[in-house]
Amino acid sequence: MRTTATMKTGIAFVLVIAAQVGQPLAAQDAYDPSPDNLAARAWFQDAKFGLFVHWGIYSVLGAGEWVMQVRGIPADVYEGVAAQFNPVRFDAAAWVSLVKDAGMSYITITAKHHDGFAMFDSAVTDWDIVDRTPYGRDVLAELAEECSRQGIKLFFYYSQLDWHHPDYFPRGQTGQRTGRPDDGDWQNYLHFMDAQLAELLTNYGEVGGIWFDGMWDRPDAEWALEHTYGMIHGLQPATLVGSNHHRDPFPGEDFQMFEKDLPGRNTAGFNEAAVSELPLETAETINRSWGFNLTDADYKSADELIRYLVRAAGADANFLLNVGPMPDGRIQPEFQERLRSVGDWMRTYGRSIRGTRGGPIFGPWGVSTTGNGTVFVHVLEWNGRALAIPSPGIVEEAQLLRDGSAVTVQEVEGGIVLTLPERPEGLVDEVVQLTLAR
Ligand code: FHN
């Protein structure tokens, strides 16, 4: 078996990185986010909508990003998949334009998923896109350049769990069937991870955030998070660190994410953590899969996705909506269509999402968002004309966001009643804009 231990410059590189960031590294226990980091958090909360991209060599097999684990594919057999990955139709400019058309402000892409394969040119392993695929190009570098050109922020997903690296040992809850020897040097693995993260934070311009995943595989292992988080913030103070460990945030994390659920809900079984004070984000798929899945045609409609975006904003969370690009590098048409439809909606209603914060009122009818002295009442589920809601303040003016027409507001005990027009057929969200007295 060929192992990831075929490091090109290995330990020496790790030492260089350690020296670059200065030792000892600040403990993140005493983490005091820099002004740039706080500004980046506010930007993130304003952004509200991003594209999640699960892309790796697994797309060749068309069965999702867990295919190695699900089929019990040994690491040396799986390495053959890399030789077939040739995404000649990858077009960074087309991806970023799609993101803009969808009304999104950032991309979070898998730099490395659980299969351990780096989608960037890593100097500490040859288990990467440049060294192992016929394509031989650093797609993250191309995407970073295009994002910077088009004003879109780029975040990197990084899996701490690794089904390929021999030093990911002792093994956790997954990855036991990949044919690796039953030994390994955990400290070496941590050095390897830090070295790759340092590469991502050094060679790809401004990094919006690092989106960790996989710690749940070995929840009790010594992950040395203080060191890793300190190194990230040392290299780029404004980079937002978040981890999908499904637990309460650790010191040094700048945002909290939820998977397949709105904050505070746990229908998917991942989200037992309490909702923290940090900026929030929730990730969801368009069909049922994160990575490209040839047989998954269970697509959510554009209307469902819009409703999810609105409910996320109402819960003060960003919506990170996933696509799993195809092995040829294109984003499949079913995803593109839906993203563009959400973008059409955003062109009219984006003001009620971007730059807002969740609340202050909600009910069985829907949610609200607030920004610049304006409360946007998102009426998602209400077909009646009169809608009674708690008063968010003294209302000076009420209008429909879609056409600016006036909405009558009547004060009643304990709240206000909005008189809505007949709901047009197929309207996803009737947004009433309430201008409040300052
Ligand atoms: O195992 C991963 C999965 O493949 C995917 O990346 C999602 C995205 O939130 N997170 C993990 C499970 O928690």
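Within each chain, residues carry numbers counting from 1 in the order of the written sequence. Side-chain atom pairs in this predicted model are given and counted only at pLDDT of 80 or more, local residue features only at pLDDT of at least 70, and totals for whole chains, interfaces and linings cover all residues. Here the side-chain values reflect all heavy atoms present in the structure, with hydrogen atoms and water set aside.

Asks: Kindly report on the sheet that holds strand E16 (residues 430-436), identifying the contributing residues and their values.
Replies: Sheet strands line up and pair through hydrogen bonds in the backbone, either parallel or antiparallel. Strand pairing is defined by DSSP finding a minimum of two bridges between the two strands. Working definition: helices are DSSP H or I runs of at least four residues, strands are E runs of at least two. Numbering for both runs from the N terminus. A sheet is described by the order of its strands in space; here five strands give the open sequence E9-E10-E11-E16-E13, paired in antiparallel fashion. The strands lining the two open edges of the sheet, one partner per strand, are strand E9 (357-358) and strand E13 (395-400). Inspection of the sheet shows strand E10 (residues 366-371) paired to strand E11 (residues 374-379) by six bridges, in the antiparallel sense. Looking at the pairing, Ser368 lines up with Val377 of E11. When checking whether two residues touch, look at their non-hydrogen atoms; a contact exists if any pair is within 4.5 Å. Where helices are involved, their axes are fitted lines through C-alpha atoms of the stretch in contact, as for all axes, and angles between N-to-C directions lie from 0 to 180°. Running at roughly 60° to E10, helix H10 (residues 302-314) makes contact with E9, E10 and E11 of the sheet.

Asks: Residues and numbers for the side chain of Arg171, please.
Replies: Looking at the element boundaries, Arg171 is found in the loop between strand E3 (153-159) and helix H8 (186-203). Relative accessible area decides the class of each residue, using a 1.4 Å probe on protein chains only: under 20% of the type maximum gives buried, over 50% gives exposed, and in between gives partly exposed. Positive charge is attributed to Lys and Arg, negative charge to Asp and Glu, and no charge count is given to His or to the chain ends. Whenever a carboxyl oxygen of Asp or Glu lies within 4 Å of a side-chain nitrogen of Lys or Arg, that contact is scored as a salt bridge. Summary of buried charges: Arg171 has no salt-bridge partner, and the nearest side chain of opposite charge, Asp182, is 4.4 Å away. Pairs of N or O atoms are called polar contacts if they sit within 3.5 Å, as long as, within protein, a hydrogen donor faces a hydrogen acceptor (for residues adjacent in sequence, only side-chain-to-side-chain pairs). Of the polar contacts made by the side chain of Arg171, one reaches the backbone oxygen of Tyr168; its length is 2.5 Å. Of the polar contacts made by the side chain of Arg171, one reaches the backbone oxygen of Pro181; its length is 2.7 Å. Filtering out sequence-adjacent residues up to four positions away, Arg171 remains in contact with Pro166, Gln176, Arg180, Pro181, Asp182 and Arg218.

Asks: Lay out the pattern of salt bridges with the relevant residues and their values.
Replies: Between side chains of opposite charge, a pair can form as their charged atoms come close. This structure, assessed with the given rule, holds 18 salt bridges. When the shortest N-O distance is used, the salt bridge between Arg340 and Asp101 registers 2.9 Å. Of this pair, Arg340 sits in helix H11 (residues 333-349) while Asp101 sits in helix H5 (residues 92-101), and the two are 239 residues apart along the sequence. A salt bridge links Arg137 to Glu142; the shortest N-O distance between them is 2.8 Å. Overall, Glu142 belongs to the partly exposed group, its relative accessible area being 25%.

Asks: Break down the side chain of His114 for me, with residues and values.
Replies: With respect to the helices and strands, His114 occurs in the loop between strand E2 (106-112) and helix H6 (129-132). Exposure remark for His114: the relative accessible area of 2% places this residue in the buried category. For His114, the contacting residues outside a window of four places in its chain are Trp66, Tyr157, Ser159, Leu161, Asp162, Trp163, Asp213, Gly214 and Trp216.

Asks: Give a detailed account of the packing of H10 against H11, specifying residues and quantitative values.
Replies: Running from amino to carboxyl end, H10 crosses H11 at an angle of 55°, the nearest separation of the two axes being 9 Å. Classified by the interaxial angle, the pair formed by H10 and H11 is oblique. The element H10 and its partner H11 pack so that their crossing is right-handed. Together, Ala302, Leu305, Ile306, Leu309 and Val310 of H10 and Arg338, Ser341, Val342, Trp345 and Met346 of H11 make up the contact between the two elements. Here the term charged refers only to Asp, Glu, Lys and Arg, the term nonpolar to Ala, Val, Leu, Ile, Met, Phe, Trp, Tyr, Cys and Pro, and the term polar to all other amino acids, Gly among them. When its residues are assigned to classes, the contact of H10 with H11 shows eight nonpolar, one polar and one charged. Roughly parallel means an angle under 35 degrees; roughly antiparallel, over 145; roughly perpendicular, 65 to 115; everything else is oblique. In this scheme the crossing of two helices becomes right-handed for a clockwise turn of the near helix relative to the far one and left-handed for an anticlockwise turn of less than a right angle.

Asks: For the pairing of strand E14 (residues 408-412), give the residues involved together with the corresponding values.
Replies: Here E14 runs beside strand E15 (residues 415-419); their pairing, made up of five bridges, is antiparallel. Residue pairing in the sheet places Gln410 in a bridge with Val417 of E15. Between E14 and E15, which pair antiparallel one after the other, the connecting turn spans two residues, and Gly414 there sits at a positive phi close to 85°.

Asks: Break down helix H4 (residues 75-82) for me, with residues and values.
Replies: Residues Ala75, Tyr78, Glu79, Val81 and Ala82 constitute the buried set of H4. Buried residues in H4, looked at end-on, bunch into an arc of 145°, giving them a common side. Looking at the buried residues of H4, the elements they touch are helix H3 (67-70) and H6. For this quantity, the arc is that covered by the directions from the helix axis to the C-beta atoms.

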